[in-house]
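Results of the structural survey
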Amino acid sequence: MSHAETHAFQAETREVLKLVIHSLYSHKEIFLRELISNASDACDKLRFEAVTDASLLGADGDPAIELVVDNDARTLEIRDTGIGMSRQELIDNLGTIARSGTKAFLANLSDAQKGDAQLIGQFGVGFYSGFIVADRMEVISRRAGSDEAWAWASDGSGEYTLAPAERAQRGSSVVLHLKPEEGEFLQEWTLKSLIRRYSDHIGFPIRMAKPAGDVEDGAEAVTAELETVNEARALWTLPKTEIKDEDYQAFYKHVSHDFNEALAWTHNRVEGNQNFTSLLFVPEKAPFDFQFDRETRKGLKLYVKRVFIMDASEQMLPSYLRFVRGVVDSDDLPLNVSRELLQNNRQIDKLKSAVTRRVLDLLERVARDEPEKYRAFWSAFGGVLKEGVSEDSSNLERIAKLLRFASTKSANAEELFALDDYISRMPAGQSSIYFLSADGWNAAAHSPQLEALKARGIEVLLLHERIDEWMSGYLREYAGKSLKNIAKGELDLGDLPDAAEAKQKHEEAAKAAAPLTEALKAALGERVRDVRVSQRLTESPSCLVLEEYDMALHLQRMMRAAGHEVPSAKPSLEINPQHPLLQRFEAEPAGERRDQLAAILFEQAQLAEGAPLEDPAGFIRRINALLLSA
């Protein structure tokens, strides 16, 4: 190739290529779906840009896709007459993979995950899947509206070349030089079956040459007649009665680039003040790059009268539903909608609200009718759905109904209940939903703050994920019942049947223990806000309690570790005066041993919260001294 420029792939790009080429042979046919999907996207982009600039279509006709097999050269070519790429676009699109997060993606990929087929498509590597079956790939592309064509070529090792080329039509051709063992992808029946399995729904014709015996009499032998292999109909425009489950699943894999099947979907046509069709899917599993996808969300495509406008997840859905994939096709939006207008358009706001309701309807149906499926969904996306508690006040009650939590009735962290389940088990007279937030399941399930409520048979929700402390600040009520964090403020049990008697006993105990609490407060000094007799404890000697609106201690630590300034919130130490350790402290004369006992009571309470100690070696010395003295 004359006048060819040689470029090196970025170091991170080479690493991803190694994973794609060497780790995915068990699902190698996926390359054809990915390359046809890329060609379809290119045709979509041309159709959109041609709305405002019809000259881009030129004399090349409507966009289409063609597969060409050359048995002698052992090549498979995927041609399209889409938007095409300029020289710089070839460098940007084919010389760099997932520029915003590849390094972080690779760092978080375990060895086991690196062999998973989900890698393809979920991090912008669909084109490179061609190297699974090809030892060399070439791309010849001409941008619509330009007379200049360029050729890109690489063997996938570490470099690629760029050179001027000749191409009569706009669009791109991807030529795969197949490896010796991949001859099956030169066979017509194999290619047609894969097209019908993965790409039948694509809204552009996918054409292949007719077999020689099928060419009509009189046709030139040198010019093979083409036939359309796929249905070339937009699936979402068809009546639901004409669509099979396997058609929906194939379409999901097309729009999501997911090798797994969808967990559930909803297909709706809405007519009235606003006319639109939506086909929305909930994935079965979270993709590997899901944690990096918050800022540049994709997966929901916006069409206007079947003309692709943009990837519009950010405009069509709130962030907490960013796992949803699918399409929205509106009859009412103007075709010259721009990204800026989408962000500030009233019609878009109404459409976003309607699409959000559709997704919540779907999740409610799955939760009600298919609880096993919903458990799988919650395992993959429950933490993301919790974000909606703060983000979407208009749907707060519906989101809260979908939440799932462990509780003191759970056998383990995986046994989860809805808030409605909790309410159905509340004893007569209980008017509040009690919960405890902690840093981890063990810290929550074994917290001493549960003791008094457990003794009364009162269920407590155990919120043990890091997002829970933040979420609970917004979820203050559900179904007319307030939510109370039992680890903050005074424990008000005023709605329980024995509340009056318990309150009187507590007041008497606090009065009798006043000298004890004062002595402890003096010994601990600035480490605590206050020392008081607890209503929470029945077995443990002490626990730490924050004020009602203080940030949890584990969240304070996490924020500081991330470099944020966090107001210091001192905890109060609550004690159980009946515990032998407290009686030992009370009997101990003022001095070093008494101060050591006070420190042990405080540090034990810290450990029960899952908090690291400032002086673990000192704690061990104090415990050893206590054991020896005993």
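Residues numbered from 1 in each chain as written. Predicted model: local features only at pLDDT ≥ 70, side-chain atom pairs only at ≥ 80, totals over all residues. Heavy atoms only, no water.

**Concerning the packing of helix H21 (residues 580–587) against helix H22 (residues 592–608)**
How we decide: Note on method: axes are straight lines fitted to C-alpha atoms, helices fitted across the in-contact stretch only, with angles between N-to-C directions ranging 0 to 180 degrees. Secondary structure elements follow DSSP: runs of H or I no shorter than four residues count as helices, runs of E no shorter than two count as strands, and numbering proceeds from the N terminus. Every angle not falling under 35 degrees, over 145, or within 65 to 115 is termed oblique; those three ranges are roughly parallel, roughly antiparallel and roughly perpendicular. Crossings are classed by handedness, with left-handed meaning an anticlockwise turn of the near helix from the far one by less than a right angle and right-handed meaning a clockwise turn. We call two residues contacting when some pair of their heavy atoms lies within 4.5 Å. Classification used: nonpolar for Ala, Val, Leu, Ile, Met, Phe, Trp, Tyr, Cys and Pro, charged for Asp, Glu, Lys and Arg, polar for all others including Gly.
Remark: H21 packs on H22, axes separated minimally by 9 Å, with the N-to-C direction vectors making an angle of 155 degrees. Regarding the angle of H21 to H22, the classification is roughly antiparallel. The crossing of H21 and H22 is left-handed. Residues Leu 581, Leu 582, Arg 584, Phe 585 and Glu 586 of H21 touch H22, and the partners they reach there are Arg 593, Arg 594, Leu 597, Ala 598, Leu 601 and Gln 604. Tallied by class, the residues present in the contact of H21 with H22 amount to six nonpolar, one polar and four charged.

**Quick notes on helix H3 (residues 87–94)**
Our working rule: Working definition: with a 1.4 Å probe on protein chains only, accessible area under 20% of the residue-type maximum means buried, over 50% means exposed, and in between means partly exposed. The arc in question is the one spanned by the directions pointing from the helix axis to the C-beta atoms.
Looking at H3, one finds that the buried residues are Leu 90, Ile 91 and Leu 94. The arc that holds the buried residues of H3, viewed along the axis, is 105 degrees, so those residues lie on one side. Summarising the contacts, the buried residues of H3 are in contact with strand E1 (5–8), strand E4 (134–142), strand E5 (149–154) and strand E6 (159–165).

**Regarding the pattern of salt bridges**
As a reminder of what qualifies: In what follows, salt bridge is the name for a side-chain nitrogen of Lys or Arg lying within 4 Å of a carboxyl oxygen of Asp or Glu.
Going through the model one piece at a time under the given rule, you end up with 41 salt bridges. With a closest N to O distance of 3.5 Å, Lys 373 and Glu 370 form a salt bridge. Using a relative accessible area of 33% as the deciding quantity, one classes Lys 373 as partly exposed. Exposure remark for Glu 370: the relative accessible area of 28% places this residue in the partly exposed category. Taking the shortest distance from any N to any O, the salt bridge between Lys 570 and Glu 526 comes out at 2.6 Å.

**Comments concerning the sheet that holds strand E9 (residues 226–228)**
Across a sheet, paired strands are connected by hydrogen bonds in the backbone, their directions being either parallel or antiparallel. Our working rule: One bridge is not enough; two strands pair if DSSP finds at least two bridges between them.
Reading across the sheet, the nine strands line up as E1-E6-E5-E4-E7-E3-E2-E8-E9 and stay open at both edges, with mixed pairing between neighbours. On the outer flanks of this sheet lie E1 and E9, each paired with one strand and no other. Neighbouring strand axes in the sheet, compared pairwise and without regard to direction, differ in orientation by 20 degrees on average. Direction of pairing for E1 relative to E6: antiparallel, over a ladder of four bridges. The residue of E6 that forms the bridge with His 7 is Tyr 160. On the sheet, helix H2 (residues 30–52) packs against strand E2 (65–70), strand E3 (75–80), strand E7 (171–178) and strand E8 (206–209) and is oriented at approximately 25 degrees with respect to E3.

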